[in-house]
Amino acid sequence: TTIPYGPIWNTYYHPGYDCSRAMAPGPAWNKVHDISQTMFGLWSVVFGLTAELLYLPCMLALRQEKNSCFKIMFALTVCDMLTLPVSSIIFGVGLILGEVYCSHPTFHFFLGAFGLGECRIWCSTSMIVLILASNRVAELSNKAWLFEGFRTPLSLTIAIAYGLTVGLLTPPPMLNSQFQSYFFNPFISFTDEYVFVNWFHAINNIAVVFFSTAMYAYFCIILLMKQGAMKTETGQKKMKKSYSVFLQAFLIMLFNVVSSSIYVYMNFFYTPLWLVQVAQLMWQFAQGMPPVIYLALNQTVRRYTGRMLGFNEVTSIRSASMARSSMA
């Protein structure tokens, strides 16, 4: 019997999520399994908190810009900041405590569906990353009008509505310390009595892999075709800007693609523990590495962050001092 699709609050009462079939729910499940994962847990907590701190100046910098590209990047930043507690911070604490679904079933079930909603925000984020790549392709193809006016907010609204639909109407993933990741199977009796499959999530991940690859290939083709026509100074600036932002989108997309591929595989087939850990790390990187990428490759974000921290003022003072010294 497969878990029925429908409102998530109805799914919660399905017998497949009844922990009492094996043992009363509660912290006793942690002790019985003895599955605390301290090292991976500490890494996850530290990584998540560090990424959240790095996101703050990036978010403020992106908020200052009004063009469509930065609006999309800002929306992606908000989604990532909401997901990081699930993929890293809460996940890390759960590993340290040795949590499984039945340790606190209500908390873990609704964490995957509502709250910070791993499933719904991941699906929204996946679509927003594709929207960002599409925006760069449109800019380079002289079709920037596709994202002008109401079109960018509309596309982001559709992405968020899509994620909400998946999160509210399909089974949620839940933390499992023993296997060090999130699974749709609560692993109550470790039998095949129930089949826990979220087909919408699997289709979403497969689509991410396919469309991400297609989008990047299309961008490369356009880049090669336009090299001759972009020899003017204005054209070169436009090319450089599009290339820089698309590189940022591609790096973010790369983590999404690797994570999506492995997550689809491991929810249907036997997967060695090291590969499960790679999938979890790639998911953490997909949500936590964008601020590092922005700070390294995005001049607007880097300038704004430097101004916030006072680096630009220090540089200006030093430059002025050197100028006065040379005049003397």
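Residues numbered from 1 in each chain as written. Predicted model: local features only at pLDDT ≥ 70, side-chain atom pairs only at ≥ 80, totals over all residues. Heavy atoms only, no water.

## Re the UniProt feature "transmembrane region" (unreviewed entry) in the protein chain
- On the UniProt side, "transmembrane region" (unreviewed entry) is annotated at positions that read residues 40-62, 74-97, 109-133, 154-175, 195-224, 245-266 and 278-297 here.
- Between the C-alpha atoms that bound residues 40-62 there is a distance of 32 Å. The span itself is 100% helix and 0% strand.
- Segment residues 195-224 splits into 87% helix and 0% strand. End C-alpha atoms: 48 Å apart. (UniProt positions renumbered as here; feature names shortened; annotations may be inferred. Helix = DSSP H or I, 4+ residues; strand = E, 2+ residues; numbered from the N terminus.)

## Overview of helix α3 (residues 38-64)
- End to end, α3 covers 40 Å across 27 residues, agreeing with the expected 39 Å (1.5 Å per residue, within 8%).
- Along its length, α3 shows its largest kink, about 30 degrees, at Y55, and proline P57 lies within four residues downstream of that point. (Expected span 1.5 Å × (residues − 1). Bend = angle between axes of the 7 residues up to and from the residue.)

## A closer look at the state of the cysteines
- In total, this model carries one disulfide according to the counting rule given.
- Between the sulfur atoms of C19 and its disulfide mate C102 the distance is 2.1 Å. Taking the sign of the S-S torsion, -95 degrees for the link of C19 and C102, the bridge is left-handed. Of the two residues, C19 sits in the loop between α1 (8-11) and α2 (28-33) while C102 sits in the loop between α4 (68-97) and α5 (105-113), which places them 83 residues apart along the sequence.
- With relative accessibility at 3%, the residue C19 sits in the buried group. (Disulfide = S-S within 2.5 Å. Buried < 20%, exposed > 50% of the residue type's maximum accessible area, 1.4 Å probe, protein only.)

## Here's the deal with the side chain of S260
- You can see S260 is positioned in helix α9 (residues 233-266).
- Excluding anything up to four places from it in sequence, S260 contacts W122, N205, V208 and V209. (Contact = heavy atoms within 4.5 Å.)

## Some details on the environment of L132
- Its location among the elements puts L132 in helix α6 (residues 118-140).
- Residue classification places L132 among the buried positions, given a relative accessible area of 3%.
- Sequence separation of L132 and S68 is 64 residues, and the distance between their C-alpha atoms is 9.1 Å.

## Considering the environment of P291
- Within the fold, P291 resides in helix α11 (residues 290-297).
- Overall, the relative accessible area of 0% leaves P291 in the buried class.
- Spatially, the C-alpha atom of P291 lies 8.7 Å from that of M59, the residues being 232 residues apart in sequence.
- Other than its neighbours up to four places away in sequence, P291 contacts A51, L54, Y55 and C58.

## A word on the side chain of N204
- As for its placement among the helices and strands, N204 is situated in helix α8 (residues 199-226).
- Dropping the residues within four chain positions of it, N204 is found in contact with W122, C123, S126 and Y162.

## Examining helix α12 (residues 299-309)
- Regarding α12, the residues found buried are T300, V301, Y304, T305 and G306.
- For α12, the capping residue at the N-terminal end is N298, with a side-chain oxygen 3.1 Å from the backbone nitrogen of V301. (Polar contact = N/O pair within 3.5 Å; in protein donor to acceptor, adjacent residues only side chain to side chain.)

## Some remarks on the confidence of the model for the protein chain
- Here the protein chain shows a mean pLDDT of 79. Residues at 70 or above account for 83%.
- The secondary structure element of the protein chain with the lowest average pLDDT is helix α13 (residues 311-327), at 46, and the one with the highest is α3, at 91.
- Contacts for the low-pLDDT stretch residues 313-328, under 50 throughout, to residues beyond four places or in other chains number zero contacts. (pLDDT = per-residue confidence, 0-100.)

## Description of the nonpolar core
- Counting residues in each nonpolar core, the largest one holds 65 residues, and the members touching the most others are I72, I128, Y182, M266 and Y294.
- Broken down by element, the residue count for this core peaks at twelve residues, all from α4.
- Discounting chain neighbours no more than four positions away, the residues touching Y294 are C58, L62, M73, L76, T77, Q248, I252 and V301.
- Residues W29, C102, A113 and I188 belong to the second largest nonpolar core, which totals 16 residues. (Core = buried A, V, L, I, M, F, W, Y, C linked by side-chain atoms within 4.5 Å.)

## Brief notes about the packing of α3 against helix α10 (residues 273-288)
- At a minimum axis distance of 10 Å, the contact between α3 and α10 shows a crossing angle of 15 degrees. Relative to α10, α3 is oriented roughly parallel. For the pair α3 and α10, the sense of crossing is right-handed. Facing α3, whose interface residues are F40, W43, S44, F47, A51 and Y55, α10 presents Q277, Q280, L281, Q284, F285, Q287 and G288.
- Of the residues contributing to the contact of α3 with α10, the split by class is seven nonpolar, six polar and no charged. (Axes fitted to C-alpha atoms, helices over the stretch in contact; angles between N-to-C directions. Parallel < 35°, antiparallel > 145°, perpendicular 65-115°, else oblique. Left-handed = near helix turned anticlockwise from the far one by under 90°. Nonpolar A, V, L, I, M, F, W, Y, C, P; charged D, E, K, R; others polar.)

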